Amino acid sequence: MTNVVTFPGLGLEFELNRVAFTLFGKEIYWYGVIIACGFLLAVLFCYRWAYKFGVDREKLMDMLFFAVPACIIGARAYYVIFHPSTCFNADGSFSLYNTIAIWDGGLAIYGAIIMAVVTVAVYCKVRHQSFWDYADIGCYGVIIGQMIGRWGNFMNVEAFGGVTDLPWRMCSESIANYLWNHGYADAEVYQQVLDGTLGVHPTFFYESMWNLLGLILLILLARKGRKFSGQIFLCYVIWYGVGRTVIEGLRTDSLYFFGTALRTSQLVGILSAAAALVLLIVRARTAGPATPPLPKPGGEAVSVAVIGSEGTEPSEGAPIDSAQPEESAHLGQGDGEEKDGHDHPV
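What you are looking at is a predicted structure, and each value in this text was computed from that prediction instead of being measured.

Peer 1: Just checking my understanding: could you explain unusual backbone geometry for this structure?
Peer 2: Generally, phi is negative for residues other than glycine and the peptide bonds are trans, each holding for most cases. A positive phi angle, close to 60 degrees, is found at H128, a residue other than glycine. Within the fold, H128 resides in the loop between α4 (109–127) and α5 (131–156). Look at H128 and you get partly exposed, because its relative accessible area is 49%. If you check the backbone angles, V157 has positive phi at about 55 degrees while not being a glycine.

Peer 1: Explain a nonpolar patch on the surface here, please?
Peer 2: Among the surface-exposed residues, I72, F88, F94, L96, Y97, I100, I102, W103 and L107 lie close enough to one another that they form a single nonpolar patch of about 900 Å² accessible area. Per-element tally for the nonpolar patch: the top contributor is helix α3 (residues 96–100), with three residues. Turning to its location among the elements, I100 is positioned in helix α3.

Peer 1: I tried to follow the nonpolar core on my own but got confused; where do I start?
Peer 2: Generally speaking, soluble globular proteins have nonpolar side chains that are buried together. Ranked by internal contacts, the top residues of the largest apolar core, which has 64 residues, are Y140 and M170. With 11 residues, α5 is the largest single contributor of residues to this core. Ignoring any residue separated from it by four or fewer positions in sequence, one finds Y140 in contact with F45, W49, F53, L215, L218, I219, A222 and I232.

How each quantity is defined
Residues numbered from 1 in each chain as written. Predicted model: local features only at pLDDT ≥ 70, side-chain atom pairs only at ≥ 80, totals over all residues. Heavy atoms only, no water. Helix = DSSP H or I, 4+ residues; strand = E, 2+ residues; numbered from the N terminus. Buried < 20%, exposed > 50% of the residue type's maximum accessible area, 1.4 Å probe, protein only. Patch = residues over 30% accessible without salt bridge, like charges linked within 9 Å, V, L, I, M, F, W, Y side chains within 5 Å. Areas by Shrake-Rupley, 256 points an atom, 1.4 Å probe, with all protein chains shown as cover. Salt bridge = Lys/Arg side-chain N within 4 Å of Asp/Glu carboxyl O. Core = buried A, V, L, I, M, F, W, Y, C linked by side-chain atoms within 4.5 Å. Contact = heavy atoms within 4.5 Å.

Following this line, the structure appears as C-alpha coordinates:
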(Lines give C-alpha, C1' and ligand atoms only; values in the text may rest on other atoms or scores of the structure.)
Protein backbone atom coordinates (compact mmCIF):
# COMPACT_ATOMS: atom_id res chain seq x y z
CA MET A 1 0.00 0.00 0.00
CA THR A 2 2.99 2.25 -0.53
CA ASN A 3 3.04 4.86 -3.29
CA VAL A 4 5.93 7.02 -4.36
CA VAL A 5 4.60 10.47 -5.25
CA THR A 6 6.83 13.07 -6.86
CA PHE A 7 6.58 16.73 -7.77
CA PRO A 8 9.37 16.88 -10.39
CA GLY A 9 9.09 20.61 -10.98
CA LEU A 10 9.58 21.27 -7.28
CA GLY A 11 12.18 18.56 -6.65
CA LEU A 12 9.97 16.82 -4.06
CA GLU A 13 9.44 13.11 -3.52
CA PHE A 14 7.29 11.34 -0.92
CA GLU A 15 6.94 7.67 -0.08
CA LEU A 16 3.37 7.33 1.16
CA ASN A 17 2.05 4.34 3.06
CA ARG A 18 -1.74 4.44 3.41
CA VAL A 19 -1.51 2.47 6.67
CA ALA A 20 -0.62 4.57 9.71
CA PHE A 21 -0.38 1.67 12.19
CA THR A 22 -1.95 -1.66 13.11
CA LEU A 23 -4.20 -1.99 16.15
CA PHE A 24 -5.27 -5.44 17.34
CA GLY A 25 -4.55 -6.81 13.88
CA LYS A 26 -6.62 -4.11 12.16
CA GLU A 27 -4.93 -1.69 9.79
CA ILE A 28 -5.62 1.95 10.63
CA TYR A 29 -5.31 4.22 7.62
CA TRP A 30 -3.82 7.71 7.54
CA TYR A 31 -7.01 8.90 5.87
CA GLY A 32 -9.03 8.06 8.98
CA VAL A 33 -6.38 9.47 11.32
CA ILE A 34 -6.26 12.77 9.42
CA ILE A 35 -10.08 13.03 9.27
CA ALA A 36 -10.22 12.40 13.03
CA CYS A 37 -7.60 15.09 13.67
CA GLY A 38 -9.53 17.55 11.52
CA PHE A 39 -12.72 16.76 13.42
CA LEU A 40 -11.00 17.21 16.79
CA LEU A 41 -9.50 20.58 15.83
CA ALA A 42 -12.84 21.70 14.42
CA VAL A 43 -14.64 20.84 17.67
CA LEU A 44 -11.98 22.57 19.78
CA PHE A 45 -12.20 25.73 17.70
CA CYS A 46 -16.01 25.86 17.82
CA TYR A 47 -16.06 25.07 21.55
CA ARG A 48 -13.60 27.88 22.26
CA TRP A 49 -15.38 30.48 20.11
CA ALA A 50 -19.00 29.49 20.75
CA TYR A 51 -19.62 32.19 23.37
CA LYS A 52 -18.66 34.92 20.88
CA PHE A 53 -21.71 33.95 18.82
CA GLY A 54 -24.14 33.74 21.71
CA VAL A 55 -24.04 29.93 21.61
CA ASP A 56 -23.93 27.91 24.82
CA ARG A 57 -21.00 25.49 24.78
CA GLU A 58 -22.88 22.62 26.40
CA LYS A 59 -25.79 22.90 23.98
CA LEU A 60 -23.31 22.99 21.09
CA MET A 61 -21.73 19.74 22.28
CA ASP A 62 -25.17 18.19 22.69
CA MET A 63 -25.94 19.06 19.09
CA LEU A 64 -22.78 17.29 17.89
CA PHE A 65 -24.05 13.96 19.23
CA PHE A 66 -26.82 14.19 16.63
CA ALA A 67 -24.91 15.96 13.86
CA VAL A 68 -21.87 13.68 13.61
CA PRO A 69 -23.68 10.41 12.79
CA ALA A 70 -26.15 12.30 10.60
CA CYS A 71 -23.27 13.79 8.60
CA ILE A 72 -21.66 10.39 8.06
CA ILE A 73 -24.97 9.00 6.82
CA GLY A 74 -25.49 12.05 4.59
CA ALA A 75 -21.99 11.85 3.11
CA ARG A 76 -22.46 8.19 2.22
CA ALA A 77 -26.02 8.63 0.94
CA TYR A 78 -24.95 11.48 -1.35
CA TYR A 79 -22.16 9.34 -2.77
CA VAL A 80 -24.26 6.24 -3.49
CA ILE A 81 -27.13 8.30 -4.94
CA PHE A 82 -24.83 9.75 -7.59
CA HIS A 83 -22.64 6.64 -7.88
CA PRO A 84 -25.22 3.82 -7.61
CA SER A 85 -22.94 1.14 -9.02
CA THR A 86 -21.27 1.11 -5.60
CA CYS A 87 -24.33 -0.72 -4.24
CA PHE A 88 -24.00 -3.76 -6.51
CA ASN A 89 -21.80 -6.81 -6.74
CA ALA A 90 -19.86 -7.74 -9.85
CA ASP A 91 -22.72 -10.02 -10.95
CA GLY A 92 -25.21 -7.14 -10.79
CA SER A 93 -26.92 -8.21 -7.56
CA PHE A 94 -27.65 -5.62 -4.87
CA SER A 95 -25.34 -5.63 -1.86
CA LEU A 96 -26.31 -3.96 1.42
CA TYR A 97 -22.74 -4.45 2.59
CA ASN A 98 -21.35 -2.50 -0.38
CA THR A 99 -23.95 0.21 0.15
CA ILE A 100 -22.86 0.96 3.73
CA ALA A 101 -19.15 0.10 3.43
CA ILE A 102 -17.74 3.55 4.20
CA TRP A 103 -14.49 1.89 5.31
CA ASP A 104 -13.83 1.13 1.63
CA GLY A 105 -14.18 4.83 0.74
CA GLY A 106 -16.98 6.75 -0.87
CA LEU A 107 -17.97 9.80 1.20
CA ALA A 108 -19.05 13.12 -0.29
CA ILE A 109 -18.57 16.35 1.67
CA TYR A 110 -21.66 18.03 0.25
CA GLY A 111 -23.82 15.22 1.62
CA ALA A 112 -22.33 15.84 5.06
CA ILE A 113 -22.90 19.60 4.80
CA ILE A 114 -26.53 19.16 3.74
CA MET A 115 -27.22 16.80 6.66
CA ALA A 116 -25.41 19.13 9.05
CA VAL A 117 -27.67 22.03 8.05
CA VAL A 118 -30.80 19.87 8.43
CA THR A 119 -29.67 18.51 11.80
CA VAL A 120 -28.81 21.95 13.18
CA ALA A 121 -32.14 23.35 11.96
CA VAL A 122 -34.12 20.58 13.70
CA TYR A 123 -32.04 20.78 16.88
CA CYS A 124 -32.41 24.56 17.11
CA LYS A 125 -36.14 24.30 16.51
CA VAL A 126 -36.58 21.74 19.29
CA ARG A 127 -34.22 23.45 21.75
CA HIS A 128 -35.42 26.99 20.92
CA GLN A 129 -31.99 28.15 19.77
CA SER A 130 -30.97 30.46 16.93
CA PHE A 131 -30.19 28.45 13.79
CA TRP A 132 -28.19 31.31 12.29
CA ASP A 133 -25.90 31.61 15.32
CA TYR A 134 -25.22 27.86 15.34
CA ALA A 135 -24.61 27.98 11.60
CA ASP A 136 -22.16 30.87 12.03
CA ILE A 137 -20.00 29.06 14.57
CA GLY A 138 -20.45 25.68 12.91
CA CYS A 139 -19.10 26.73 9.53
CA TYR A 140 -15.68 27.31 11.13
CA GLY A 141 -15.63 23.66 12.13
CA VAL A 142 -16.69 22.57 8.66
CA ILE A 143 -14.03 24.54 6.82
CA ILE A 144 -11.32 23.40 9.27
CA GLY A 145 -12.34 19.79 8.73
CA GLN A 146 -12.33 20.26 4.95
CA MET A 147 -8.95 21.97 4.98
CA ILE A 148 -7.28 19.20 6.98
CA GLY A 149 -9.26 16.29 5.56
CA ARG A 150 -7.99 16.87 2.03
CA TRP A 151 -4.56 15.72 3.14
CA GLY A 152 -6.11 12.31 3.71
CA ASN A 153 -6.74 12.30 -0.03
CA PHE A 154 -3.05 12.99 -0.55
CA MET A 155 -2.09 9.96 1.56
CA ASN A 156 -4.44 7.85 -0.56
CA VAL A 157 -3.16 9.48 -3.79
CA GLU A 158 -6.66 10.44 -4.91
CA ALA A 159 -8.82 13.49 -5.61
CA PHE A 160 -6.34 14.74 -8.20
CA GLY A 161 -7.02 16.53 -11.46
CA GLY A 162 -6.29 16.14 -15.13
CA VAL A 163 -2.96 16.07 -16.95
CA THR A 164 -0.76 19.16 -16.77
CA ASP A 165 2.85 20.23 -17.24
CA LEU A 166 2.74 22.94 -14.56
CA PRO A 167 5.78 23.12 -12.23
CA TRP A 168 3.74 21.77 -9.30
CA ARG A 169 2.41 18.76 -11.24
CA MET A 170 2.04 15.56 -9.22
CA CYS A 171 3.24 12.18 -10.52
CA SER A 172 3.16 8.55 -9.46
CA GLU A 173 2.77 5.12 -11.00
CA SER A 174 -0.69 4.75 -9.44
CA ILE A 175 -1.76 8.06 -11.01
CA ALA A 176 -0.50 6.96 -14.43
CA ASN A 177 -2.40 3.67 -14.07
CA TYR A 178 -5.60 5.49 -13.07
CA LEU A 179 -5.37 7.84 -16.05
CA TRP A 180 -4.79 4.93 -18.41
CA ASN A 181 -7.59 2.77 -16.98
CA HIS A 182 -10.14 5.62 -17.10
CA GLY A 183 -9.28 6.87 -20.56
CA TYR A 184 -7.55 10.10 -19.55
CA ALA A 185 -4.21 9.12 -21.07
CA ASP A 186 -2.94 7.33 -24.17
CA ALA A 187 0.29 5.36 -24.26
CA GLU A 188 2.43 8.48 -24.81
CA VAL A 189 0.86 10.47 -21.97
CA TYR A 190 1.03 7.41 -19.71
CA GLN A 191 4.79 7.17 -20.22
CA GLN A 192 5.25 10.92 -19.74
CA VAL A 193 3.46 10.77 -16.40
CA LEU A 194 5.69 7.87 -15.37
CA ASP A 195 8.88 9.76 -16.25
CA GLY A 196 7.62 13.04 -14.76
CA THR A 197 7.44 15.09 -17.94
CA LEU A 198 3.69 15.39 -17.32
CA GLY A 199 1.69 15.06 -14.14
CA VAL A 200 -1.72 15.94 -12.74
CA HIS A 201 -3.21 18.89 -10.90
CA PRO A 202 -2.94 18.33 -7.12
CA THR A 203 -6.56 19.42 -6.66
CA PHE A 204 -6.58 18.14 -3.06
CA PHE A 205 -3.97 20.83 -2.35
CA TYR A 206 -5.90 23.52 -4.24
CA GLU A 207 -9.00 22.88 -2.16
CA SER A 208 -7.06 22.69 1.11
CA MET A 209 -5.42 26.05 0.43
CA TRP A 210 -8.73 27.58 -0.69
CA ASN A 211 -10.26 26.51 2.60
CA LEU A 212 -7.28 27.85 4.57
CA LEU A 213 -7.69 31.24 2.92
CA GLY A 214 -11.43 31.07 3.55
CA LEU A 215 -10.85 30.29 7.23
CA ILE A 216 -8.55 33.31 7.58
CA LEU A 217 -11.10 35.59 5.92
CA LEU A 218 -13.95 34.28 8.09
CA ILE A 219 -11.89 34.84 11.25
CA LEU A 220 -11.13 38.41 10.15
CA LEU A 221 -14.83 38.94 9.41
CA ALA A 222 -15.76 37.77 12.90
CA ARG A 223 -13.15 40.05 14.48
CA LYS A 224 -14.57 42.97 12.59
CA GLY A 225 -17.99 42.11 13.96
CA ARG A 226 -21.03 40.36 12.57
CA LYS A 227 -23.63 42.72 11.14
CA PHE A 228 -26.34 40.11 11.58
CA SER A 229 -26.68 36.47 12.59
CA GLY A 230 -26.00 34.16 9.66
CA GLN A 231 -23.51 36.48 7.96
CA ILE A 232 -20.51 34.21 8.57
CA PHE A 233 -22.32 31.06 7.45
CA LEU A 234 -23.65 32.59 4.24
CA CYS A 235 -20.21 33.97 3.38
CA TYR A 236 -18.77 30.48 3.90
CA VAL A 237 -21.34 28.91 1.57
CA ILE A 238 -20.50 31.46 -1.13
CA TRP A 239 -16.75 31.06 -0.68
CA TYR A 240 -16.73 27.28 -0.69
CA GLY A 241 -19.32 27.00 -3.46
CA VAL A 242 -17.34 29.18 -5.84
CA GLY A 243 -14.03 27.47 -5.05
CA ARG A 244 -15.43 23.97 -5.30
CA THR A 245 -17.12 24.77 -8.61
CA VAL A 246 -13.81 25.82 -10.15
CA ILE A 247 -11.67 23.06 -8.62
CA GLU A 248 -14.20 20.33 -9.40
CA GLY A 249 -13.83 21.16 -13.07
CA LEU A 250 -10.20 20.01 -12.90
CA ARG A 251 -10.84 16.67 -11.20
CA THR A 252 -10.96 13.26 -12.85
CA ASP A 253 -13.12 11.46 -10.26
CA SER A 254 -16.24 13.64 -10.18
CA LEU A 255 -19.73 12.34 -9.47
CA TYR A 256 -22.11 13.17 -12.31
CA PHE A 257 -25.73 14.21 -12.04
CA PHE A 258 -27.76 11.10 -12.89
CA GLY A 259 -25.86 10.16 -16.01
CA THR A 260 -25.66 13.64 -17.48
CA ALA A 261 -22.51 15.60 -18.32
CA LEU A 262 -23.12 17.86 -15.29
CA ARG A 263 -20.73 17.39 -12.40
CA THR A 264 -22.85 17.13 -9.26
CA SER A 265 -20.52 19.11 -7.00
CA GLN A 266 -20.28 21.91 -9.55
CA LEU A 267 -24.05 22.08 -9.80
CA VAL A 268 -24.51 22.06 -6.03
CA GLY A 269 -21.65 24.50 -5.54
CA ILE A 270 -22.90 27.18 -7.92
CA LEU A 271 -26.56 26.84 -6.86
CA SER A 272 -25.71 26.99 -3.15
CA ALA A 273 -23.42 29.99 -3.67
CA ALA A 274 -26.12 31.83 -5.63
CA ALA A 275 -28.78 31.06 -3.01
CA ALA A 276 -26.46 32.16 -0.20
CA LEU A 277 -25.71 35.42 -2.00
CA VAL A 278 -29.41 36.20 -2.29
CA LEU A 279 -29.99 35.36 1.39
CA LEU A 280 -26.98 37.46 2.39
CA ILE A 281 -28.42 40.51 0.61
CA VAL A 282 -31.91 39.92 2.03
CA ARG A 283 -30.72 39.40 5.61
CA ALA A 284 -28.40 42.40 5.40
CA ARG A 285 -31.50 44.51 4.75
CA THR A 286 -34.04 42.80 7.00
CA ALA A 287 -32.29 41.02 9.87
CA GLY A 288 -31.66 42.75 13.16
CA PRO A 289 -28.24 43.04 14.83
CA ALA A 290 -26.28 39.88 15.52
CA THR A 291 -26.96 38.03 18.76
CA PRO A 292 -24.75 39.42 21.57
CA PRO A 293 -22.13 37.07 23.00
CA LEU A 294 -22.46 35.15 26.22
CA PRO A 295 -20.18 36.03 29.13
CA LYS A 296 -16.64 34.94 28.48
CA PRO A 297 -15.97 31.54 30.10
CA GLY A 298 -14.39 32.13 33.47
CA GLY A 299 -16.77 34.95 34.38
CA GLU A 300 -15.02 37.78 32.52
CA ALA A 301 -17.30 40.09 30.56
CA VAL A 302 -16.98 40.08 26.78
CA SER A 303 -17.89 42.63 24.18
CA VAL A 304 -19.14 42.23 20.63
CA ALA A 305 -19.22 44.46 17.58
CA VAL A 306 -22.64 44.92 16.02
CA ILE A 307 -24.41 47.64 14.12
CA GLY A 308 -26.42 49.90 16.37
CA SER A 309 -25.95 51.68 19.63
CA GLU A 310 -25.85 50.40 23.19
CA GLY A 311 -29.12 48.91 24.25
CA THR A 312 -30.09 47.58 20.79
CA GLU A 313 -32.30 44.54 21.15
CA PRO A 314 -30.93 41.16 19.99
CA SER A 315 -32.16 39.93 16.64
CA GLU A 316 -35.29 37.87 16.42
CA GLY A 317 -34.61 34.17 16.79
CA ALA A 318 -31.75 34.61 19.28
CA PRO A 319 -31.27 31.80 21.81
CA ILE A 320 -33.85 32.15 24.54
CA ASP A 321 -31.25 31.77 27.26
CA SER A 322 -28.66 34.09 25.72
CA ALA A 323 -30.02 37.30 27.21
CA GLN A 324 -27.23 38.79 29.32
CA PRO A 325 -26.96 41.38 32.10
CA GLU A 326 -26.13 44.76 30.72
CA GLU A 327 -22.58 44.60 32.02
CA SER A 328 -21.96 41.28 30.22
CA ALA A 329 -22.59 42.40 26.66
CA HIS A 330 -21.42 45.87 25.70
CA LEU A 331 -22.42 46.64 22.16
CA GLY A 332 -19.65 48.34 20.19
CA GLN A 333 -20.11 51.50 18.18
CA GLY A 334 -18.36 53.16 15.27
CA ASP A 335 -15.81 50.90 13.55
CA GLY A 336 -17.17 47.78 15.24
CA GLU A 337 -13.90 46.52 16.78
CA GLU A 338 -14.02 44.19 19.78
CA LYS A 339 -13.24 45.94 23.02
CA ASP A 340 -11.81 43.12 25.14
CA GLY A 341 -8.71 42.65 23.00
CA HIS A 342 -8.87 38.82 23.11
CA ASP A 343 -9.48 37.15 19.77
CA HIS A 344 -8.42 33.62 20.65
CA PRO A 345 -7.34 32.25 17.27
CA VAL A 346 -6.84 28.50 17.20
